[in-house]
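What follows is the residue order along each chain.
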Amino acid sequence: MLVVIAWIVISGIFGPLFGKLTSVQENNNSSFLPKGAEATQAAEVIATFSDQDSFTFPTLILLEGKADPATFAAINSHFATVGELTLAGTTATISDYIAPDQQITAFPSQDGGAILVNIPLDGSSLGQVLPNDEPVLPALIEALREDIAPIAEANGLDPYVTGPGGLFGDLFAAFGTIDSTLLLTTLSVVAVILIVVYRSPILWIIPLISALIALALAGGIVYLLAKNDIIDVDGQSQGILSILVIGAATDYALLLIARYREELHLHSSRFAAMRAAYKGVWEPILASGSTVAISLLILLFSQLSNTAGLGPVGAIGIASAMLTILTLLPALLLVFGRWIFWPRKPLYDGSDHVMTGIWSKVGASVERNPRRAWVVTGSVLLLFAFASTTLKTDGLGTIDTFTGNPESVVGQKKLETHFPGGEGDPTQVVFSAARLDQMSAALKNAPGVSEVAPQLDGPALPGQPAPQVAEVSGKVILNLTLNKSPDSVEAGNDVPEIRRIAKSVDISALVGGTSAVYYDVRTANAQDNRTIIPIVLLVITLILGLLLRSILSAVLLLGTVVLSYFATLGVCALVFNHIFGFPGGDNSFPLFAFVFLVALGIDYNIFLMTRVREESLKIGTRAGVIKGLTVTGAVITSAGIVLAATFAVLGLLPLVPLAQLGFAVAFGVLLDTIIVRSILVPALVHDIGPKVWWPSKLAKGN
């Protein structure tokens, strides 16, 4: 009871802090900048051309329709005062977030069919929150849309708020639903699954409450660390935190409750039953959670701030889930006694009830012909794995990030029919002022460049001296308008050649801007894949070896999970390309899929093989693996379904990367649970026999 009271106090402290987690999110552009990349260096130098340490983040307003002089004059007049608009009922105005030394400008298209307005936002201020704790960018975009609608209608124009500001505003608004829709849906799905699994009107509440308390603890800790600038948290990591904690805590709870129910048949005292159950599950739960937590922490090696930030956030979530399930859940079960299982209350009858049913039949089937079982399942997985070579992960432009068609996406597509794709959001080259003429001449013929213009020290105003080329510390900026959408994969593909040409003129030249950022992000993701994945594999192998006291079994288990990972990627390629019709995949998809699939997928092998090792000490390896499969079959399958369902909820968000990750993890976990853990691993262990435990003493058994 003291343990339960202590946890009530803990949840009372950390629960309210979890509710504030959204207020410390950092959904700003800086989280997408690769550490040390050329685009990041260029942004730092370009920021020196303003009075403040900032970069320009353009929001574009496209007004499609007849752009005659009278209409153009009306639009210009309207936007002269748009900076006075207040945001989300606060005293903050749009002018508070305009980049220093920048002005709102409007210009008609050459075809006379549209007007484009550029609102140059201060990029460094967009990570701030309004006085009401709401993020700035979504509120600013909403205010612009409401303001421009009447003037557009009066002039027969169709308005679209788009460009980087509009696209990211819609993106952050989508992330804003994570802490409500996603969490509630996840809890509902888990509750339904637990009711079906336990067939009890009461028992399901206990693990769900434990998972919620674990989430409150994790969220509160993350909030305190983020508020004190120790770690970074964004909308994506907060959403994944909720799913990860609920899924992992429920999995661990299922394992403990199943073993406790089993021991209640063998012990008259519930306290003795819990001691026996705890002895059997604490080690696999600790090993499982440690594997996932350490794998997530390895993300700190990422060159991208948002990817690196997910590491400690997720690790804190897993650690909180382990701590809660290993302390609070046993205490709750002991407080309520056997009746909590009603109407299927376990009796002290010495019955080994888990040795009957469907999983005993699966075990018998594997035992009859283990070699055929692993050859057939292994061949099917290999076949799917070959399809992984067709998976598209070259990157996604921002307009391809959404599963639907928000206004910003529609506007970006229409913008490209009236203006060059990069209008209003140029690629910027910063270099020595002495080489301005040579650089301009060289870059006019660079691939994808439609216009070259130096950055001036001010706008051209009637009756005022003509502005000069802006120069700071002997450096100038050349703005390149590309003929493609600046955030597209195609525009990014032009960046390497633009950089080569620029450096041939001035070796110190730096190329930045949206297209360069996206190219460097894709390059950083590719580097992360090559660096982080091998480290995760090494860590998991070491943990498995220590847990099972066997090198061979650790390598064997890891090999099956890696095979399952590539098979999952193959299925993803088929589904994404031919069923969902996604235009591609984010560069980070293989890494995130690997971390979650391999780290979480190995859990089920840990749960199985620790029980197999326990039984092998008593009855031998071949008999032990069949019994281990039989007694863990129901609980591990239930755990896999819970985790798959929680990640599948990510598909509710209108974002392609999260929908892809949700599908991949959900399918991969089910593949691990139903095929790898149920057939492939037991068949391999049975066929190899005691040697699977080499070099431990069990290898000499029978």
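Here the structure is shown first, and the text comes after it.
Remember, it's a predicted structure, so these values are computed and weren't measured experimentally. Position labels on residues start from 1 in each chain and follow its written sequence. In keeping with the predicted nature of the model, local features appear solely for residues at pLDDT of at least 70, side-chain atom pairs appear and are counted solely at 80 or more, and the whole-chain, interface and lining totals rest on all residues. Based on all heavy atoms of the structure, the side-chain values leave hydrogens and waters out of the count.

## A few points about the overall build of the protein
Part 1 of the reasoning: Where helices and strands are cited, they refer to DSSP runs of H or I of at least four residues and of E of at least two residues respectively, numbered from the N terminus. Secondary structure summary: the protein contains 20 helices and eight strands in total.
Part 2 of the reasoning: All radius of gyration figures rest on C-alpha atoms, and the globule criterion is 2.2 Å times the number of residues raised to 0.38. Taking 2.2 N^0.38 as the reference for a compact globule, 702 residues should give roughly 27 Å; the C-alpha atoms of the protein span a radius of gyration of 29 Å, in line with that estimate.
Part 3 of the reasoning: For the C-alpha atoms alone, the extent of the protein along its principal axes is close to 100 × 50 × 45 Å.
Part 4 of the reasoning: Buried residues are those whose accessible area, probed at 1.4 Å on protein chains only, stays under 20% of the maximum for their type, while exposed residues exceed 50% and partly exposed ones sit between those limits. A total of 702 residues make up the protein; the buried ones form 59% of that total.
Part 5 of the reasoning: Considering only contacts within the protein whose residues lie at least 6 apart along the sequence, 82% involve residues at least 24 apart.
Part 6 of the reasoning: With residues, only the protein chains shown are counted as cover, and all accessible areas are computed by Shrake-Rupley using a 1.4 Å probe. For the protein, the accessible surface area stands at approximately 27,400 Å², while carbon and sulfur atoms represent 61% of it.
Part 7 of the reasoning: Charge centroids of the protein, computed over 40 positive and 54 negative side chains, lie 23 Å from each other. Pairs of residues are marked as contacts when any of their non-hydrogen atoms sit within 4.5 Å. The charge count includes Lys and Arg as positive and Asp and Glu as negative, but it does not include His or the ends of the chains. Here the site of a charge means atom NZ of a Lys, CZ of an Arg, CG of an Asp or CD of a Glu.

## A closer look at the pattern of salt bridges
Part 1 of the reasoning: A side-chain nitrogen of Lys or Arg and a carboxyl oxygen of Asp or Glu constitute a salt bridge if their distance falls within 4 Å. By the definition in use, this model includes 16 salt bridges.
Part 2 of the reasoning: The shortest N-O distance in the salt bridge between Glu 262 and Arg 611 comes to 2.7 Å. Within this pair, whereas Glu 262 is found in helix α8 (residues 235–264), its partner Arg 611 is found in helix α18 (residues 589–619), the two being separated by 349 residues in sequence. Each member of the pair, Glu 262 as well as Arg 611, carries the same accessibility label: buried.
Part 3 of the reasoning: Close ionic contact of Arg 500 with Glu 497 constitutes a salt bridge, the shortest N to O distance being 2.7 Å. Remark: Glu 497 and Arg 500 occur in helix α15 (residues 489–505); sequence separation between them is three residues, near one turn of the helix.
Part 4 of the reasoning: Linked by salt bridges that have partners in common, Glu 38, Arg 499, Lys 503 and Asp 520 make up one network.

## Here's the deal with the packing of aromatic side chains
What characterises a pair of aromatic rings is the spacing of the ring centres plus the angle enclosed by the ring planes.
Part 1 of the reasoning: Each Phe, Tyr or Trp ring, with Trp reduced to its six-membered ring, pairs with another whose centre is within 6.5 Å; inter-plane angles below 30 degrees give stacked pairs, above 60 give edge-to-face pairs, and intermediate values give tilted ones. Enumeration over the complete set of coordinates arrives at 13 aromatic pairs.
Part 2 of the reasoning: A centroid spacing of 5.8 Å and a plane angle of 75° characterise the contact between Phe 336 and Trp 339, whose relative ring orientation is edge-to-face.
Part 3 of the reasoning: Residue class for Trp 339 comes out partly exposed when judged on its relative accessible area of 43%.
Part 4 of the reasoning: Between the aromatic rings of Phe 596 and Phe 647, the centroid separation amounts to 5.5 Å while the plane-to-plane angle is 55°, which identifies the pairing as tilted. Here Phe 647 lies in helix α19 (residues 621–648) and Phe 596 lies in helix α18, a separation of 51 residues in the sequence. This pair shows no difference in class: Phe 596 is buried, exactly as Phe 647 is.
Part 5 of the reasoning: Charges are assigned to positions over rings by a cutoff of 6 Å between ring centre and Lys NZ or Arg CZ, combined with an angular limit of 35 degrees from the ring normal. The aromatic ring of Trp 359 is capped on one face by Arg 677, whose charged end is 5.0 Å from the ring centroid.

## Some remarks on the side chain of Thr 673
Part 1 of the reasoning: The residue Thr 673 is located in helix α20 (residues 656–688) in this model.
Part 2 of the reasoning: For Thr 673, a relative accessible area of 1% puts it in the buried group.
Part 3 of the reasoning: The residues contacting Thr 673, other than those within four sequence positions of it, are Tyr 604, Ile 636, Thr 637, Gly 640 and Ser 678.

## A word on the sheet that holds strand β4 (residues 158–162)
Part 1 of the reasoning: Each pair of strands is called paired provided DSSP finds at least two bridges between the two strands. The four strands lie next to each other as β2-β3-β1-β4, forming an open sheet whose pairing is antiparallel. Pairing within the sheet leaves two strands with one partner each, and these edge strands are β2 (105–108) and β4. Ignoring strand direction, the axes of neighbouring strands in this sheet form an average angle of 20°.
Part 2 of the reasoning: Strand direction decides the pairing type here: strand β1 (residues 56–64) and strand β3 (residues 114–122), joined by nine bridges, are antiparallel. To get an axis, a line is fitted to the C-alpha atoms, and for a helix only the part in contact is used. The angle between two axes follows their N-to-C directions and goes from 0 to 180 degrees.

## Observations concerning the environment of Glu 146
Part 1 of the reasoning: Among the structural elements, Glu 146 can be located in helix α4 (residues 136–154).
Part 2 of the reasoning: Residue classification places Glu 146 among the exposed residues on the basis of a relative accessible area of 57%.
Part 3 of the reasoning: Considered as a pair, Glu 146 and Phe 341 are 195 residues apart in the sequence and their alpha carbons are 55 Å apart.

## Here's the deal with α8
Part 1 of the reasoning: For α8, spanning 30 residues, the distance from its first C-alpha to its last is 43 Å, which sits close to the expected 44 Å at 1.5 Å a residue.
Part 2 of the reasoning: A large share of α8 lies buried, amounting to 29 of its 30 residues. Here a helix's expected span is defined as the number of its residues, less one, multiplied by 1.5 Å.

## Topic: the sheet that holds strand β5 (residues 427–432)
Part 1 of the reasoning: Within the open sheet, the four strands sit side by side as β6-β7-β5-β8. Their pairing is antiparallel. Taken across any chain shown, the strands that pair with only one partner, and hence form the sheet edges, are β6 (449–454) and β8 (510–512). Averaged over all pairs of adjacent strands, the angle between strand axes in this sheet comes to 25°, irrespective of strand direction.
Part 2 of the reasoning: Relative to strand β7 (residues 475–482), β6 runs antiparallel, the two being bridged by five bridges. The partner of Val 452 across the bridge, within β7, is Leu 480.
Part 3 of the reasoning: Against the sheet, helix α2 (residues 38–47) touches β5, β7 and β8, its axis set at about 90° to β8.

## Re the packing of helix α1 (residues 2–19) against helix α7 (residues 205–227)
Part 1 of the reasoning: Packing of α1 against α7 brings their axes to within 7 Å, and their N-to-C directions diverge by 50°. Looking at the two axes, α1 sits oblique to α7. Between α1 and α7 lies a crossing of left-handed hand. Contact residues: Trp 7, Ile 10, Ser 11, Phe 14, Gly 15, Leu 17 and Phe 18 in α1; Ile 213, Leu 215, Ala 216, Leu 217, Gly 219, Gly 220, Ile 221, Tyr 223 and Leu 224 in α7.
Part 2 of the reasoning: The residue inventory of the contact of α1 with α7, partitioned by class, reads twelve nonpolar, four polar and no charged. Oblique is the label for any angle not covered by the other classes, which are roughly parallel (under 35 degrees), roughly antiparallel (over 145) and roughly perpendicular (65 to 115). Each crossing is labelled by how the near helix is turned from the far one, with a counterclockwise turn of less than a right angle marking it left-handed and a clockwise turn marking it right-handed. Classification used: nonpolar for Ala, Val, Leu, Ile, Met, Phe, Trp, Tyr, Cys and Pro, charged for Asp, Glu, Lys and Arg, polar for all others including Gly.

## Observations concerning the nonpolar core
Part 1 of the reasoning: Here, the term nonpolar core denotes a set of buried Ala, Val, Leu, Ile, Met, Phe, Trp, Tyr and Cys residues that are joined through side-chain atoms within 4.5 Å. The biggest cluster of nonpolar side chains holds 193 residues, and the ones touching the most others in it are Leu 63 and Phe 596.
Part 2 of the reasoning: For this core, the element with the highest residue contribution is α18, accounting for 18 residues.
Part 3 of the reasoning: Sequence-distant contacts of Phe 596, defined by excluding residues within four places in its chain, comprise Ile 240, Leu 244, Leu 296, Leu 310, Gly 601, Phe 647, Leu 661 and Val 665.
Part 4 of the reasoning: If you look at the next biggest cluster of nonpolar residues, it comprises 26 residues, including Ala 39, Val 429, Met 439 and Ala 516.

## Considerations on the environment of Val 561
Part 1 of the reasoning: Looking at the element boundaries, Val 561 is found in helix α17 (residues 551–580).
Part 2 of the reasoning: Separated by 37 residues in sequence, Val 561 and Val 598 have C-alpha atoms that sit 6.0 Å apart.
Part 3 of the reasoning: Ignoring anything within four residues of it in the chain, the contact list for Val 561 reads Leu 597, Val 598, Gly 601, Ile 602 and Asn 605.

## Looking at unusual backbone geometry
Part 1 of the reasoning: That bond from Trp 342 to Pro 343 is cis: its omega, 10°, falls within 30 degrees of zero.
Part 2 of the reasoning: Along the chain, Pro 343 turns up in the loop between α10 (305–336) and α11 (358–368).
Part 3 of the reasoning: Following Trp 694, the chain continues into Pro 695 via a peptide bond in cis, with omega recorded as 10°.
Part 4 of the reasoning: Positionally, Pro 695 belongs in the segment after α20.
Part 5 of the reasoning: At Ala 88, a position not held by glycine, the phi torsion is positive, near 50°.
Part 6 of the reasoning: Its relative accessible area of 45% is what places Ala 88 among the partly exposed residues.
Part 7 of the reasoning: Even without being a glycine, Arg 549 presents a positive backbone phi close to 55°.
Part 8 of the reasoning: Among the secondary structure elements, Arg 549 is positioned in the loop between α16 (514–548) and α17.
Part 9 of the reasoning: On the accessibility criterion, Arg 549 (41% relative accessible area) is partly exposed.

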